[in-house]
Amino acid sequence: MSAANGKKIFTKACAQCHTVEKGGKHKQGPNLNGLFGRKTGQASGFSYTQANKDKGITWEEDTLDIYLTNPKKYIPGTKMVFAGLKKKKDRANLIAYLKDSTA
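All residue numbers refer to positions counted from 1 along the written sequence of the respective chain. Restriction of local features to residues with pLDDT of at least 70 applies here, the model being predicted, together with a cutoff of 80 or more for giving and counting side-chain atom pairs; totals for whole chains, interfaces and linings are based on all residues. By convention in this description, side-chain values take in all heavy atoms of the structure and omit both hydrogens and water.

### Thoughts on the overall build of the protein
Line of reasoning, step 1. Each helix corresponds to a stretch of at least 4 residues labelled H or I by DSSP, and each strand to a stretch of at least 2 residues labelled E; elements are numbered beginning at the N terminus. Along the protein, the regular secondary structure elements total five helices and zero strands.
Line of reasoning, step 2. All radius of gyration figures rest on C-alpha atoms, and the globule criterion is 2.2 Å times the number of residues raised to 0.38. On C-alpha atoms alone, the protein measures out to a radius of gyration of 12 Å, which is about the 13 Å that the 2.2 N^0.38 rule sets for 103 residues.
Line of reasoning, step 3. By principal-axis analysis of the C-alpha atoms, the protein measures approximately 35 × 30 × 25 Å.
Line of reasoning, step 4. Looking at the 103 residues of the protein, the share that counts as buried comes to 45%.
Line of reasoning, step 5. Here, Shrake-Rupley sampling with a 1.4 Å probe gives the accessible areas, and only protein chains in the shown set may cover a residue. Per element, the accessible surface of the protein, about 5900 Å² overall, is 54% carbon and sulfur.
Line of reasoning, step 6. Looking at the protein, you have 19 positive and 8 negative side-chain charges, and the mean spots of the two groups are 7 Å apart. Residue burial is assigned from relative accessible area. The probe radius is 1.4 Å, only protein chains are included, and a residue is buried under 20% of its type maximum, exposed over 50%, and partly exposed in between. Working convention for charge: Lys and Arg count positive, Asp and Glu count negative, and His plus the chain ends are omitted. Charge positions come from single atoms, namely NZ of Lys, CZ of Arg, CG of Asp or CD of Glu.

Below, the structure is given as structure tokens:
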């Protein structure tokens, strides 16, 4: 896993809708700071779909890996328009970056 490669993926695929820094603003998607260990639909001040609130899983490496493969399949009804990352290596790199940047 490479957080540096994950940052490139984040910049290309995620940064349009998400921020990672503490106190970062919500965009079309929520700020991801404090993501690991947080339940779905719980970032303060972001307007989530009921599907996200009701999913009830906790974000960890394993749940993010499933979600990032196909978000709409894992949480039907999510408003996230991202199609997903099909390559396991890309997901692992992105998750490594998120672990470093959102803690």
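### Quick notes on the packing of helix 3 (residues 61–69) against helix 5 (residues 88–101)
Line of reasoning, step 1. Here an angle of 0 to 180 degrees is reported between the N-to-C directions of two axes, which are lines fitted to C-alpha atoms, with helices fitted over the stretch in contact. Where helix 3 meets helix 5, the closest approach of the two axes is 10 Å, and the angle between their N-to-C directions is 130 degrees. Taken together, the axes of helix 3 and helix 5 lie oblique to each other. Handedness of the crossing formed by helix 3 with helix 5: right-handed. In this structure, helix 3 uses Glu 61, Leu 64, Asp 65, Leu 68 and Thr 69 to contact helix 5, whose residues at the interface are Lys 88, Arg 91, Leu 94, Ile 95 and Lys 99.
Line of reasoning, step 2. Taken together, the residues that form the contact of helix 3 with helix 5 break down as four nonpolar, one polar and five charged. Angles below 35 degrees are treated as roughly parallel, those above 145 as roughly antiparallel, those between 65 and 115 as roughly perpendicular, and all remaining angles as oblique. Crossing handedness is read from the near helix: turned anticlockwise from the far helix by less than a right angle, it gives a left-handed crossing, and turned clockwise, a right-handed one. Contact between two residues is taken to exist if any of their heavy atoms lie within 4.5 Å; hydrogens are not considered. As a working rule, the residues Ala, Val, Leu, Ile, Met, Phe, Trp, Tyr, Cys and Pro are called nonpolar, Asp, Glu, Lys and Arg charged, and the rest polar, with Gly in that last group.

### Considering the packing of aromatic side chains
Line of reasoning, step 1. Each Phe, Tyr or Trp ring (for Trp, its six-membered ring) is paired with any other whose centre lies within 6.5 Å, and the angle between the two planes then decides the class: stacked below 30 degrees, edge-to-face above 60, tilted in between. Inspection of the entire model under this criterion finds four aromatic pairs.
Line of reasoning, step 2. On the basis of an interplanar angle of 75 degrees and a centroid distance of 4.8 Å, the ring pair of Phe 46 and Tyr 48 is categorised as edge-to-face.
Line of reasoning, step 3. Note on Tyr 48: relative accessible area 13%, which makes it buried.
Line of reasoning, step 4. Measuring from centroid to centroid gives 4.9 Å for Trp 59 and Tyr 67, while their planes differ by 55 degrees, and the two rings are tilted.
Line of reasoning, step 5. Its relative accessible area of 7% is what places Trp 59 among the buried residues.
Line of reasoning, step 6. What makes Tyr 67 buried here is its relative accessible area of 7%.
Line of reasoning, step 7. Here a set of aromatic residues connected by ring pairs shows up, and it is made of Trp 59, Tyr 67 and Tyr 74.

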